[in-house]
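Coordinate analysis (summary)
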Amino acid sequence: TTLVYRGSGVALETLALPDALADGELLCEILLATVCGSDLHTLQGRRAEPHPSILGHEAVARVTRSARAGIAVGTRITFHIVDSCKECTYCIHGLPQKCLSLFKYGHALLSSGSGLNGCYASHIHLRRGTHVVALPDHVPDAIAAPANCALATMVCATDSVAHLGTFPRRRALVHGAGLLGLFGCALLREMGFAEVYCADPIAARLAIVSQFGGIPLEKDTDLTGTVDLVIEACGSPDIVPMSFAALRVGGVFVTVGLVHKDSAMTLMGETLIRKCLTVVGVHNYAERHLDRAVEFLSQHGASYPFASLVGPPHALADHAAAIASALAHEWVRVSFRPTP
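Residues numbered from 1 in each chain as written. Predicted model: local features only at pLDDT ≥ 70, side-chain atom pairs only at ≥ 80, totals over all residues. Heavy atoms only, no water.

**Notes on empty space enclosed by the protein**
What counts, and what does not: Put plainly, a pocket is an open set of points on a 1 Å grid over the protein atoms alone with protein on both sides within 12 Å along at least five of seven lines, a cavity is a set where a 1.4 Å probe fits but cannot get out, and a lining residue has an atom within 4 Å of a point. Grid points are joined across faces, edges and corners, and a volume is the space filled by probe spheres set on the points. Here the nonpolar group is Ala, Val, Leu, Ile, Met, Phe, Trp, Tyr, Cys and Pro; Asp, Glu, Lys and Arg are the charged ones; every other residue, Gly included, is treated as polar. Counting from the N terminus, the helices are the DSSP runs of H or I reaching at least four residues and the strands are the DSSP runs of E reaching at least two.
Overall, the coordinates contain two cavities of 30 Å³ or more when judged by the stated rule. If you add up the space inside the largest cavity, you get close to 50 Å³. Surrounding the largest cavity, Leu3, Val10, Val35, Asp39, Leu43, Tyr120, Ile323 and Phe336 form its lining. By residue class, the composition of the lining of the largest cavity is seven nonpolar, no polar and one charged. Roughly 40 Å³ of volume is contained in the second largest cavity. What lines the second largest cavity is simply Ala142, Ile143, Pro146, Leu179, Phe183, Phe306, Leu309 and Val310. For the lining of the second largest cavity, the elements supplying multiple residues, two or more each, are α3 (141–144) and α5 (179–190).

**Some thoughts on the nonpolar core**
Under the convention used in this document: Nonpolar cores were defined as sets of buried Ala, Val, Leu, Ile, Met, Phe, Trp, Tyr and Cys residues, with membership established by side-chain atoms within 4.5 Å. Only protein chains enter the accessibility calculation, which uses a 1.4 Å probe. A residue is then buried if its area is under 20% of the maximum for its type, exposed if over 50%, and partly exposed in between. Whether two residues are in contact is decided by their heavy atoms, any of which lying within 4.5 Å being enough.
Leu151, Leu188, Leu229, Val254 and Phe306 are the most contacted members of the largest nonpolar core, which totals 53 residues. Leave out the neighbours within four places in its chain, and Val254 touches Ala157, Ser160, Leu229, Val230, Ile231, Glu232, Val280 and Val282. Within the second largest apolar cluster, 37 residues are counted, among which are Leu26, Leu40, Phe103 and Val334.

**Things to note about the packing of aromatic side chains**
The description of two aromatic rings rests on the distance between their centres and on the angle between their planes. Operational definition: For this analysis, a ring pair means two rings from Phe, Tyr or Trp (six-membered ring only for Trp) whose centres lie within 6.5 Å, classed as stacked if their planes differ by under 30 degrees, edge-to-face if by over 60, and tilted for the remaining angles. Charge-over-ring placement is defined geometrically: NZ (Lys) or CZ (Arg) within 6 Å of the ring centre, and within 35 degrees of the ring normal.
For the structure on display, the rule yields eight aromatic pairs. The rings of Phe183, Phe212, Phe296, Tyr304 and Phe306 are connected pair by pair, giving a single aromatic cluster. Directly above the ring of Phe167 sits Arg248, whose terminal nitrogen or CZ lies 4.1 Å from the centroid.

**Let's talk about the side chain of Glu287**
Going by this rule: Whenever two N or O atoms come within 3.5 Å, that pair is a polar contact, provided that in protein one can donate a hydrogen and the other can accept it, and provided that, for residues adjacent in sequence, both atoms are side-chain atoms.
Along the chain, the position of Glu287 falls in helix α9 (residues 287–300). For Glu287, the side chain forms a polar contact with the side chain of Lys86, separated by 3.4 Å. In contact with Glu287, other than residues within four places in its own chain, are His80, Ser84, Lys86, Pro96 and His131.

**Some words on the pairing of strand β11 (residues 195–199)**
Spelled out, the test is: Strands pair, by our definition, only if DSSP identifies at least two bridges between them. Throughout, right-handed denotes a crossover for which the path from the first strand over the helix to the second runs clockwise when the strands point away from the viewer.
Where burial is concerned, most of β11 is hidden: four out of the five residues are buried. Of the strand pairs in this sheet, strand β10 (residues 171–175) and β11 are connected by five bridges, and their pairing is parallel. By the bridge assignment for β11, Val174 is matched with Cys198. Regarding topology, α5 serves as the crossover connection from β10 to the parallel β11, and that connection is right-handed. Here two bridges tie β11 to strand β12 (residues 215–216), and the two strands are oriented parallel to one another.

**Points about the pattern of salt bridges**
Our working definition: Criterion for a salt bridge: a side-chain nitrogen of Lys or Arg within 4 Å of a carboxyl oxygen of Asp or Glu.
Per the stated rule, a full pass over the model turns up eleven salt bridges. Across the pair Glu287 and Lys86 runs a salt bridge, and its minimum N-O distance is 3.4 Å. Of the two residues, Glu287 is situated in helix α9 and Lys86 in the loop between β6 (82–83) and α2 (89–92); the sequence distance between them amounts to 201 residues. Accessibility expressed as a relative area gives 42% for Lys86, which makes it partly exposed. Linking Asp200 and Arg205 is a salt bridge whose minimum nitrogen-to-oxygen distance equals 2.8 Å.

**Quick look at the packing of helix α4 (residues 150–158) against α5**
Put simply, the test is: Only the stretch in contact is used when a helix axis is fitted, and all axes are lines through C-alpha atoms; the angle between N-to-C directions ranges over 0 to 180 degrees. Each angle receives one of four descriptions, namely roughly parallel if under 35 degrees, roughly antiparallel if over 145, roughly perpendicular if within 65 to 115, and oblique otherwise. Definitions for this section: a left-handed crossing has its near helix turned counterclockwise from the far helix by less than a right angle. A right-handed crossing has that turn clockwise.
As a packed pair, α4 and α5 sit with axes 9 Å apart at the nearest point and diverge in direction by 50°. In terms of axis orientation, α4 runs oblique to α5. Relative to α5, the crossing made by α4 is right-handed. On the side of α4, the interface is formed by Ala150, Leu151, Thr153, Met154, Val155 and Thr158, while α5 contributes Leu179, Leu180, Phe183, Gly184, Leu187 and Leu188. Among the residues forming the contact of α4 with α5, the class breakdown is nine nonpolar, three polar and no charged.

**Concerning α4**
In terms of burial, α4 is largely enclosed, as nine of its nine residues are buried. Within the sequence span of α4, burial applies to Ala150, Leu151, Ala152, Thr153, Met154, Val155, Cys156, Ala157 and Thr158. Considering only its buried residues, α4 is in contact with β4 (58–66), α5, β13 (227–232), β14 (247–255) and α9.

**Side note on the state of the cysteines**
Rules: Two cysteine sulfur atoms form a disulfide, by the criterion used here, when they sit within 2.5 Å.
This structure, assessed with the given rule, holds zero disulfides. Note on Cys88: no disulfide assigned, nearest cysteine sulfur contributed by Cys91 at a separation of 3.7 Å. The exposure class of Cys88 is buried, given its relative accessible area of 10%.

Laid out in structure tokens, this is it:
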């Protein structure tokens, strides 16, 4: 059973499971899928995606058939949102998310392979170049489902701390208190930052920041020249001037959310040069970041109320209510449990 997107909404349809698996492939049952904001943008017509297709890329799955050595039937996994060749220049040099033969789950036509390419379905067919990570039993589905998108992306973003060199990690600023931002606050605190401020124009989102290690940024708080690291996870270019003013000499600015056409930034080259700033763009992540995302959840997942961000699971047949709930922002993540 699947939810098929045909350019205007989704509908329940049945697809056949593959008769056989090629070497390295996996057939998996989706245990829980969460609805990423990018899928909502697609359903709202704000983002163009090929169709017909099965949307959804955040999920926890259980292997039901395996043609890959070392991955046993019954293993509960998360998986990389892309399939990559492991041989092109980008794969070899640590950017598999830019593979020259890239395939992205939740963004592929039904005519590609078996068609079971997205997570709003009872099963997903994982290709041989897709990195998978076994999940520890103590990490629940609700916490693990967004790990292969929001969390792994923020693990990649926080890699930029390396650009700070030997400077102490004293103060960070995260723009956006959605799931990316909340994961970012928790990650940075566990990395040793003494203060992690978080900014968001929506009061209800800002109200829960402290539960994830962040300090809500008040309008009268002056951070000028005192911030080591800024992570943009809000999608608004309006925060750029304030962010560059907040950064100290030698600081780092990371942009994650400005993946849209209205992303022109106001940036003074003189400020960038005189303050010796580093600017980093992050899009998706590499396999190592998913490994570390799972390690983070295993070690620190119980320290933060991540499960409270995910709503009770909907059946696929209840898709209209689920999507309405997501659009109304009733939960940070709305979820589907495709199989009873």
